[in-house]
Amino acid sequence: MDLLNALELDVQGNNIISIVGAGGKTTTMYRLGNELKELDRKVLLTTTTAIYYPMSNEYDNLIISNNLEQLILESKRLSRGTITMIGKNIFHDNNKLKGIEKEWVKPLFNQGDYDSLVIEADGAKRKSIKAPTWYEPVIANCSTLVVGCIGLDIIGKRIDENWVHRANIFSRVVGKEIGDIIDYETIFRLIISREGLFKGCKNHSKRVVLLNKVRDDEQLFYAQKLGEKIIKDGVNISRVIIGNVNMENPIIKIVE
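Residues numbered from 1 in each chain as written. Predicted model: local features only at pLDDT ≥ 70, side-chain atom pairs only at ≥ 80, totals over all residues. Heavy atoms only, no water.

### Description of the nonpolar core
Here's step 1: Grouped together as the largest cluster of nonpolar side chains are 53 residues, with contacts concentrated most on I129, F170, I187, I191 and L211.
Here's step 2: Broken down by element, the residue count for this core peaks at five residues, all from helix α6 (residues 184–192). (Core = buried A, V, L, I, M, F, W, Y, C linked by side-chain atoms within 4.5 Å. Buried < 20%, exposed > 50% of the residue type's maximum accessible area, 1.4 Å probe, protein only. Helix = DSSP H or I, 4+ residues; strand = E, 2+ residues; numbered from the N terminus.)

### A word on the sheet that holds strand β10 (residues 145–151)
Each strand in a sheet pairs with its neighbour through backbone hydrogen bonds, running either in the same direction (parallel) or in the opposite one (antiparallel).
Here's step 1: One open sheet accounts for nine strands, arranged β4-β5-β2-β8-β1-β10-β12-β13-β14; its pairing is mixed. The open sheet is flanked by β4 (61–64) and β14 (251–255), the only strands paired with a single partner. Pairs of neighbouring strands in the sheet enclose a mean axial angle of 20°, with direction left out of account.
Here's step 2: Relative to strand β12 (residues 206–212), β10 runs parallel, the two sharing seven bridges. (Pairing = 2+ DSSP bridges. Axes fitted to C-alpha atoms, helices over the stretch in contact; angles between N-to-C directions.)

### Some details on the sheet that holds strand β6 (residues 89–91)
Here's step 1: Across the sheet, three strands lie side by side as β3-β7-β6; this open sheet has antiparallel pairing. For this open sheet the edge positions go to β3 (50–52) and β6, each flanked by a neighbour on one side alone. The average angle at which neighbouring strand axes cross in this sheet is 30°, direction not considered.
Here's step 2: Sheet analysis places β6 next to strand β7 (residues 96–98), joined by three bridges and oriented antiparallel. From the neighbouring strand, F91 faces β7, where its bridge partner is K96.

### Some points on the side chain of R239
Here's step 1: Within the element layout of this structure, R239 appears in strand β13 (residues 237–243).
Here's step 2: According to the relative accessible area criterion, R239 is buried, its value standing at 3%.
Here's step 3: A distance of 3.4 Å separates the side chain of R239 from the side chain of E8, its partner in a polar contact.
Here's step 4: Separated by 2.4 Å, the side chains of R239 and E256 make a polar contact.
Here's step 5: Ignoring anything within four residues of it in the chain, the contact list for R239 reads N5, A6, L7, E8, R207, V208, V209, I231, I254, V255 and E256. (Polar contact = N/O pair within 3.5 Å; in protein donor to acceptor, adjacent residues only side chain to side chain. Contact = heavy atoms within 4.5 Å.)

So this is what it looks like as C-alpha cells:
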C-alpha cells in the first residue's frame, strides 16, 4: 500500500501536510511528493525549519528566494505533474536549505496554484526520536494533516544525546531519567503528551502517527499493540500507520 492510500488523502482536493517528529520525515516528504506527482498534481515541497540540500533527482524545479512575492510569481509559471522545492536561502557551510516562514505557507499555496504541499516542519538531527523545544515544531496553522513520525529502531536504546534529539526535554516529557531505556510505553507517553509529538498542532488538523523503520514480525506485533493503545487513549489521533517508508511497499499495517 502506498502512503497516499494509507493516509486516506483526497488527492483531488487541496492538501497541506506537515510532517513532525523524527525517524524518517524527509524520506516521507519525498515519498509523498513522488506519489502525488504520479497523479499529475502540482506539488510543492518545503520546510519551515531547515533540511539538507536536495539532490537533483528529488525535484523538478528549485526556487530559492527570501521574497514571498517572487516565490509566488515563479510558482505560477510551473506546470502540473511536477515537484517544486522552495527555500529562502542556502547554508553552504552545512549544505542545508533554509525553509520559509510558516505564515507564507497559505498565500504561497493558494496564489502559487499548487494542488498539494508537503512540509517538513521539525528538525531532529537525523535521530529517530525527539521532543520539541519551545519553538518547535513549526506547524503552519493551515495544515490539513499533521503526520507525527517516530523511528522504531529507537526501541531498546538509552535516553541520551547519542540516540535522542533534545534528550533532556524528552526525558521530562515522557517522565523518565537520562540513561533509561526507551520502550513502547515511552513512545506512547511522547505521543499523548501536550508537549510531545503533536505539540502546537491545531484541533482542525487531522493527526496521523507514523511508526516507521519496522524491522521484523516481533516489532510489528508490539507496534500494533501500541497503535491500538494510541487510538484508544490518544487525543484526536485518527489512525496509526506502521511500516517503513524506505520499502517499495511502505505500509505494513494500519490501526484506526
